[in-house]
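Survey of secondary and tertiary structure
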Amino acid sequence: MLVGVTALIFFVLRALPGNPVVLLTQGDPGITQAQIRHIEDNYGLNKPLLVQYGTFIWHALQGNFGVSYLTKEPVMSSIGAQAGATVELTAAAVVLTGVIGIGGGLLAAMFRDTWVDSSLRVLSLFGSAMPLFWTGVLLILVFSFTWRLFPSSGSGTFSELVLPAFSLALAGSGLLVRLVRNSMLDVMGQEFVTALRAKGLPEYQVLVRHVLRNALVPAVTVLGVQIGALLAGAVVTETVFTRQGLGSMLVQAVQNKDYPTVQALVLIIATVYVIVNILVDISYAYLDPRVRTTLTK
Amino acid sequence: MTELLEVEGLTVKFESAAHHLELVRDASFEIGTGEVVAMVGESGSGKSITARAILGLLRRNHRMTVEGNARLAGRELLALAEAEMREVRGRRVSMIFQDPVGALDPVVSIGAQVLEAVRRRRSGTRPEQRRRVIELLASVGITDPELRAKQFPHEVSGGMCQRALIAIALAGSPELLIADEPTTALDVTVQAQVLDLLKRLRDERQMSVLLITHDMGVAAQTADRVLIMYAGSLVEQGPTADIFGHPCHPYTGGLISAVPRVDAPRSRRLVAIPGSVPEAADRPAGCAFHPRCPLADDRCATAMPGPRRLGNQIAACHRAEEARDSQVHRWQAGPGGGGAGRLPEERAAL
């Protein structure tokens, strides 16, 4: 799958109009044909595309993604410098998505068919329907300009993290709220829940210890998929909130046809996505002993 | 025998846009201390609903209303607040279920589920509670309880799960155990073991048992008294020997005739009751059983019969005397007093 991603991004990038040499020379009009050829030779840009792709893969496997056309620094070291902010943002958003999604789903299921349930239904619809940049701008308007509670831009401090993380989490948690609610209601229809009540367990124990745990298996699947969406969302969010990070870096690199940086970033995001989904599969075994049994057999 | 549970005029109604149904209609019965009472009826007759109503398990369903009285040792259960009801559940009245695997949480180990019930008593240290879990599992005949406690419901047999559920039910030392079709989902041999276990527990603990079943054979084998339910109403009740010896309701007679008998001549055909149980939505007027009843007359089609006492039995039938007299010969009580009221194949097995 990762090989597919590299090929796709490699060839699509090169199919886009524009010449990276212009970037490399910063559009200097006085440049000669010989100089251009010299630069193309240096960066391997005049070789056949397939050879360029082969070289890229060969170097990537060694952890070498080349030098950025824009900054002339090794791509990996710039990524290393920017990754922290994005990891921070995505991690905060994942935690928030989980808390809002699972908490909201639990509440909606507990108070099914009451106003709590209906308001959560409307909110989650809004959350998933609103485009990310719009949610971001709304949050900035309300919390930065009107109430002046949190800064609208920047990265580094905790208060600068709050709004972007929220705007990312709101988008992802809407779906999760609905999913957790519905799968909890499914579980609540099962006989063992009646049996737990007949045992005299208090309702919150029935719901949190048993029903929620059974309902989490489908929820975790969606949370895993959402992490991919969160990474993609980071690109938008970082731009809206003018934060540092891989997202802003990616946008800049695409705009400037900085091939090595785009390739490296896309490959890294794809890799993270694959790893997260492997982790999700592993977590099934932890959540559901029936999966464990099939695995050991 | 003192009465532990007295149910009076229990009625369960179900309301929805399309229906206004009485799932259980004016049911009254008693269960004595240490007594095993079987409630027999076809599926949909309202047995499980009755049991759940007594334990207050229908309250969450806003479409169901429960009326009448259910007194446990003189204390009204149906009027209790949810928090008080929770104290009754599992400690004074416990319940086990038809599908034992489905009645256990699939993602929690058996031991942890028993432990949860043990912990409700709020006594003892953790190691003591753990020991109690193992004791309970052993007391319901689970071999290697240490291993079983660590296993999950899907890893053991249905019979084992039912034993685990019984262990959970016993954790609070209840006075009454409601067993809702506890053996229906089990193999015949396991079925007999579970029934024996219930009888043993009754003897050891002086625990009362309400055994819900659709199987007259199970009732005859296990119960001291039998309640017969049809289309939401209790149509007959009485001591097991009397019910099987001279049923006073034609439906009871029909159920008994439908039980296959080992000692009957091979040429004898099984007698099935013609027709089927009416859905709660389209019960006929008058006696709900009259369209299927061989004795029905005009009165049965219009007037609903109330319960009447005949000797040791109570039957809700206009023609109970005739029913009793016409059915008496089929199920003569055996001459040796001890075997009285047992099914013939039961006597043969003794």
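Residues numbered from 1 in each chain as written. Chains lettered and ligands numbered in written order. Predicted model: local features only at pLDDT ≥ 70, side-chain atom pairs only at ≥ 80, totals over all residues.

**Considerations on the interface of chain A and chain B**
Facing 19 residues of chain A, the contacting portion of chain B comprises 25 residues. Among the elements that line the side of chain A that touches chain B, the one with the most residues is helix H9 (residues 191-198) of chain A, at six residues. (Contact = placed C-beta atoms within 7 Å. Helix = DSSP H or I, 4+ residues; strand = E, 2+ residues; numbered from the N terminus.)

**Brief notes about the sheet that holds strand S7 (residues 176-180) of chain B**
Within a beta sheet, neighbouring strands are joined by backbone hydrogen bonds and run either parallel or antiparallel to one another. Residue and element names in this part refer to chain B. Reading across from one edge, S6-S7-S8-S3-S9-S10-S12-S11 is the order of the eight strands in this open sheet, with mixed pairing throughout. Two strands bound the open sheet, and with one partner strand each, they are strand S6 (93-96) and strand S11 (308-310). Sheet twist, expressed as the mean angle between neighbouring strand axes with direction ignored, is 20°. Bridge count for S11 against strand S12 (residues 313-315) is three bridges, and the pairing is antiparallel. Bridging across to S12, Arg-308 finds its partner in Ala-315. Contacts between helix H6 (residues 158-170) and the sheet are confined to S6 and S7, with S6 contributing the most and set at about 170° to the helix. (Pairing = 2+ DSSP bridges. Axes fitted to C-alpha atoms, helices over the stretch in contact; angles between N-to-C directions.)

**Points about the environment of Thr-183 of chain B**
Its place among the elements puts Thr-183 of chain B in the loop between S7 and helix H7 (188-205). What Thr-183 of chain B contacts, discounting residues up to four positions off in sequence, is Gln-191, Val-194, Leu-195 and Val-218 of chain B.

**So, helix H8 (residues 158-188) of chain A**
All names here are of chain A. Its 31 residues place the ends of H8 only 39 Å apart at the C-alpha level, less than the 45 Å of an ideal helix rising 1.5 Å per residue. The principal kink in H8, of about 35°, is found at Ser-173. For H8, the tally of buried residues reaches 23 of 31 residues, placing the bulk of the element in the interior. (Expected span 1.5 Å × (residues − 1). Bend = angle between axes of the 7 residues up to and from the residue. Buried ≥ 20, exposed ≤ 12 C-beta atoms within 10 Å, placed from the backbone.)

**Focus on the sheet that holds strand S5 (residues 75-76) of chain B**
Residues and elements named next belong to chain B. The strand order across the open sheet formed by four strands is S2-S1-S4-S5, and the pairing between neighbours is antiparallel. Pairing within the sheet leaves two strands with one partner each, and these edge strands are strand S2 (20-32) and S5. Where strand S1 (residues 3-15) and strand S4 (residues 64-72) come together, eight bridges link them in antiparallel fashion. Bridge assignment links Leu-5 to a residue of S4, and that residue is Leu-72.

**Focus on the domain arrangement of chain A**
Residues and elements named next belong to chain A. Along its sequence, chain A is carved into domain 1 (2-61) and domain 2 (82-296). Taken over C-alpha atoms, the centre of domain 1 sits 37 Å from the centre of domain 2. Facing the twelve residues of domain 1 at the interface are eleven residues of domain 2. Of all the elements in the fold, those that place two or more residues in the side of domain 1 that touches domain 2 are helix H1 (2-15), helix H2 (20-24) and helix H4 (49-61). In terms of residues, the side of domain 1 that touches domain 2 owes the most to one element, H1, which gives six residues. (Domains from an automatic or database assignment.)

**Quick look at the nonpolar core**
Burial of nonpolar side chains together is a common tendency in soluble globular proteins. Residues Val-114, Ala-164 and Leu-210 of chain B are the most contacted members of the largest nonpolar core, which totals 166 residues. Considering each element in turn, this core owes the most residues, 16 residues, to helix H10 (residues 203-240) of chain A. In this structure, Val-114 of chain B is in contact with Val-133, Leu-136, Leu-137, Ala-164, Ala-167, Ile-168 and Ala-171 of chain B, ignoring residues within four places of it in sequence. (Core = buried A, V, L, I, M, F, W, Y, C linked by C-beta atoms within 7 Å.)

**Considerations on unusual backbone geometry**
Phi angles above zero are rare outside glycine, and Asp-113 of chain A is one such case at about 65°. Here Asp-113 of chain A shows up in the loop between helix H5 (75-110) and helix H6 (115-129). Residue classification places Asp-113 of chain A among the exposed positions, given that 9 C-beta atoms sit within 10 Å. In this structure, Ala-73 of chain B is a non-glycine residue whose phi angle is positive, near 45°. Examined against the element boundaries, Ala-73 of chain B turns out to sit in the loop between S4 and S5.

**Focus: the packing of H5 of chain A against helix H11 (residues 246-255) of chain A**
Residues and elements named next belong to chain A. For the pair H5 and H11, the least separation of the axes is 7 Å and the interaxial angle reads 130°. In terms of axis orientation, H5 runs oblique to H11. Contacts between H5 and H11 involve Ile-79, Gln-82, Ala-83 and Thr-86 from the first element and Leu-246, Gly-247 and Met-249 from the second. Among the residues forming the contact of H5 with H11, the class breakdown is four nonpolar, three polar and no charged. (Parallel < 35°, antiparallel > 145°, perpendicular 65-115°, else oblique. Nonpolar A, V, L, I, M, F, W, Y, C, P; charged D, E, K, R; others polar.)

**Some thoughts on the pairing of S7 of chain B**
All names here are of chain B. Of all five residues that make up S7, five are buried, and the element is covered over most of its length. On S7, burial covers both faces: Leu-176, Ile-178 and Asp-180 on one face and Leu-177 and Ala-179 on the other are all buried. Relative to S7, S6 runs parallel, the two sharing four bridges. In the strand pairing of S7, Val-93 is matched with Leu-176. With five bridges joining them, S7 and strand S8 (residues 208-213) adopt parallel strand pairing. Opposite Ala-179, over in S8, you have Leu-211 as the bridge partner. Read from S7 through H7 to S8, the crossover connection turns out right-handed. (Right-handed = clockwise from strand over helix to strand, strands pointing away.)

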